[in-house]
Amino acid sequence: MQRMRRMCTREGLREMTRRWARFLLNPRLLLCLVIAWMITNGWSYVMFGLGMLMKIHWMRVVGGAYMSFLWLPFTPEKLVTVVLAIGLMRLLYPRDRRTLGVLRRKLKQISRRPEC
């Protein structure tokens, strides 16, 4: 009960934000997030840009259509990107127990913690 009160204070939220920032700014995880973003979203921005530069109509249409789909409120692309990044993390860095272990512990804490 005391831990819950501590986490609902401004200092507790600040500390939790710091911990998550340290986890998310891990260079290995950032690399996997960039690769996953390029797989899920980045190709459309590149295709749209190349279509504009080279004046290729179908590239602009395909890139623009997918980009407009990404901006709709119900698209699950961010969730897919994070899941893909975690999968890439497990594939590229299988011995990195620190980052993957922190992720497991944080997910367990979130599932057990009551709302403030």
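So, a few notes on the structure that sits alongside this text. (Residues numbered from 1 in each chain as written. Predicted model: local features only at pLDDT ≥ 70, side-chain atom pairs only at ≥ 80, totals over all residues. Heavy atoms only, no water.)

Packing of helix H2 (residues 10-24) against helix H6 (residues 97-112) brings their axes to within 11 Å, and their N-to-C directions diverge by 145°. The handedness of the crossing between H2 and H6 comes out as left-handed. Residues Arg19, Trp20 and Phe23 of H2 pack against Thr99, Val102, Leu103, Lys106 and Ile110 of H6. (Axes fitted to C-alpha atoms, helices over the stretch in contact; angles between N-to-C directions. Helix = DSSP H or I, 4+ residues; strand = E, 2+ residues; numbered from the N terminus. Left-handed = near helix turned anticlockwise from the far one by under 90°. Contact = heavy atoms within 4.5 Å.)

To continue, consider a positive patch on the surface. A cluster of like positive charges, contributed by Arg90, Arg97, Arg104, Lys108 and Arg112, occupies part of the molecular surface. Considering every element that reaches the positive patch, the biggest residue donor is H6, with four residues. Assignment of secondary structure puts Arg104 in helix H6. (Patch = residues over 30% accessible without salt bridge, like charges linked within 9 Å, V, L, I, M, F, W, Y side chains within 5 Å. Areas by Shrake-Rupley, 256 points an atom, 1.4 Å probe, with all protein chains shown as cover. Salt bridge = Lys/Arg side-chain N within 4 Å of Asp/Glu carboxyl O. Lys, Arg positive; Asp, Glu negative; His and termini not counted. Charge placed at Lys NZ, Arg CZ, Asp CG, Glu CD.)

What follows is about helix H4 (residues 57-70). With 14 residues, H4 ought to run about 20 Å at 1.5 Å a step, and its terminal C-alpha atoms sit 20 Å apart, in line with that. Each element contacted by the buried residues of H4 is listed here: helix H3 (27-54) and helix H5 (77-92). (Expected span 1.5 Å × (residues − 1).)

This part covers H5. The end-to-end C-alpha distance of H5, which contains 16 residues, comes to 22 Å, matching closely the 22 Å that a straight helix rising 1.5 Å per residue would cover. Among the residues of H5, those classed as buried are Glu77, Thr81, Ala85, Leu88 and Met89. The buried residues of H5 all sit within an arc of 120° when viewed along its axis, so they share a single face. For H5, the exposed residues lying more than 90 degrees away from the buried face are Leu79, Val83, Arg90 and Leu91. In this structure, the buried side of H5 is in contact with H3, H4 and H6. (Buried < 20%, exposed > 50% of the residue type's maximum accessible area, 1.4 Å probe, protein only. Arc of directions from axis to C-beta.)

Further remarks concern the pattern of salt bridges. In total, this model carries two salt bridges according to the counting rule given. Among the ionic pairs, Glu15 bridges to Arg18, the shortest N-O distance being 3.4 Å. Here Arg18 and Glu15 lie together in helix H2, a separation of three residues that amounts to about one turn. Here Glu15 falls in the partly exposed class, since its relative accessible area comes to 27%. For Glu77, the salt bridge is made with Lys78, and the minimal N-O distance between the two is 2.6 Å. Residue classification places Glu77 among the buried positions, given a relative accessible area of 10%. A relative accessible area of 58% means that Lys78 is categorised as exposed.

Let us look at the packing of aromatic side chains. Summed over the entire model, instances satisfying the criterion amount to three aromatic pairs. Both rings, one in Trp43 and one in Tyr66, keep their centres 4.8 Å apart while their planes meet at 35°; by these two values the pair is tilted. In this pair, Trp43 is assigned in helix H3 and Tyr66 in helix H4, connecting sequence segments 23 residues apart. When the centroid spacing of 6.1 Å and the interplanar angle of 40° are considered together, the rings of Tyr66 and Phe69 count as tilted. With a gap of three residues between them, Tyr66 and Phe69 both fall in helix H4, about one helical turn apart. Three or more aromatic residues joined by ring pairs make a cluster, and in this case those are Trp43, Tyr66 and Phe69. (Phe/Tyr/Trp six-rings, centres within 6.5 Å; stacked < 30°, edge-to-face > 60°.)

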